[in-house]
Amino acid sequence: MDEELIELYLGFVSFWSGFFEALINSRGIFFEAAQVTLALTAVSIFIALFIGLFFALLKISNIKPLEWLANAYIYVVRGTPLIVQIFVFFYGLTSIWMISGFWSVALGLAFHNGAYIAEIFRGSIQSIGKGQSEAGRSLGMSQSLTMRRIILPQAFRRALPPLGNQFIIGLKDSSLAAFIGVQEIFALATTRGANTFDYMTWLLVCAVYYLILVFILTLVVGLVEKKLSVSD
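Residues numbered from 1 in each chain as written. Predicted model: local features only at pLDDT ≥ 70, side-chain atom pairs only at ≥ 80, totals over all residues. Heavy atoms only, no water.

An unreviewed UniProt entry lists the protein under the name Amino acid ABC transporter permease, from Halobacillus locisalis. Heading Sequence similarities (unreviewed entry) of the UniProt record for the protein holds this comment: "Belongs to the binding-protein-dependent transport system permease family." The Subcellular location (unreviewed entry) field of the UniProt record for the protein holds the comment "Cell membrane". (UniProt positions renumbered as here; feature names shortened; annotations may be inferred.)

Per the UniProt annotation, the sites labelled "transmembrane region" (unreviewed entry) are residues 6-24, 36-60, 72-93 and 202-224. This span, residues 36-60, is 96% helix and 0% strand, and a straight line between its end C-alpha atoms measures 36 Å. A distance of 21 Å separates the end C-alpha atoms of residues 72-93, which is 91% helix and 0% strand. (Helix = DSSP H or I, 4+ residues; strand = E, 2+ residues; numbered from the N terminus.)

What follows deals with the packing of aromatic side chains. This model, assessed by the stated rule, comprises ten aromatic pairs. With 5.1 Å between their ring centres and 70 degrees between their planes, Phe46 and Phe50 make a pair best called edge-to-face. Within this pair, Phe46 and its partner Phe50 are both found in helix 2 (residues 27-59), separated by four residues, close to a single helical turn. The exposure class assigned to Phe46 is exposed, which follows from its relative accessible area of 52%. (Phe/Tyr/Trp six-rings, centres within 6.5 Å; stacked < 30°, edge-to-face > 60°. Buried < 20%, exposed > 50% of the residue type's maximum accessible area, 1.4 Å probe, protein only.)

So, about helix 8 (residues 185-196). The first and last C-alpha atoms of helix 8 sit 17 Å apart over twelve residues, in line with the 16 Å expected at 1.5 Å per residue. Contacts made by the buried residues of helix 8 are with helix 2 and helix 9 (199-228). Residue Glu184 occupies the N-cap position of helix 8, its side-chain oxygen lying 3.1 Å from the main-chain nitrogen of Phe186. In the segment just after helix 8, Phe197 is the residue with positive phi, at about 55 degrees. (Expected span 1.5 Å × (residues − 1). Contact = heavy atoms within 4.5 Å. Polar contact = N/O pair within 3.5 Å; in protein donor to acceptor, adjacent residues only side chain to side chain.)

Okay, the pattern of salt bridges next. A complete count under the given rule lists three salt bridges for this structure. Two residues, Lys59 and Glu119, come together in a salt bridge whose shortest N-O distance is 2.7 Å. Residue Lys59 is located in helix 2, and its partner Glu119 is located in helix 5 (residues 101-126); the two are separated by 60 residues in the primary sequence. Glu119 gets classed as buried once you look at its relative accessible area, which sits at 16%. (Salt bridge = Lys/Arg side-chain N within 4 Å of Asp/Glu carboxyl O.)

Counting 18 residues, the largest nonpolar core has Phe30, Ile185, Trp202, Val205 and Tyr209 as the members making the most contacts within it. At seven residues, the largest contribution of residues to this core is made by helix 9. Setting aside its immediate chain neighbours within four residues, Phe30 contacts Ile185, Leu188, Ala189, Trp202, Val205 and Tyr209. (Core = buried A, V, L, I, M, F, W, Y, C linked by side-chain atoms within 4.5 Å.)

This is the structure:
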């Protein structure tokens, strides 16, 4: 019994010492992979914000064909797996013109996140009281000007917490880029695992980097929320 415990203890120590050694020695290449992950997330979310706002405005436009178009887009995104959407963008776009794997994934993620951001914007816009629109009209503003100067700034502040959650989801979803050869964090970890026959160590290293990135993104979103927060 004592020998089994000693063997178990030594195996435990050996595993974690190997993990920390791998974490420290691979920091250079994982830092480069983290830059790719951040770039994918930033580009896709930036595009998704415009897509989401566009379809949110269509959905609240009270014009039936535009509402149907927005609902169809959101339904398609919600009803199909993200990996399928990314593969459609990759194989579909590359059959028309040459596009890198990075941009295929970025556009696929933007297409996917745009649907959820559309619902976030729709909810936040509709949460603004009708009195705000009436106040804008009383000042002689047009409907579009009222939306741009009065409604949207308030709606964006209310949408920020769920948008922050969607940004974090987008960051983690970027790991699917590994399946079309983009060398981000997850792809690098699985490659290292295949080369060393030690997947567990490298997947844990991968997890550490994602935790760090999510922590940083959470801090940034929190700071922006605090800066934009105003008294009711």
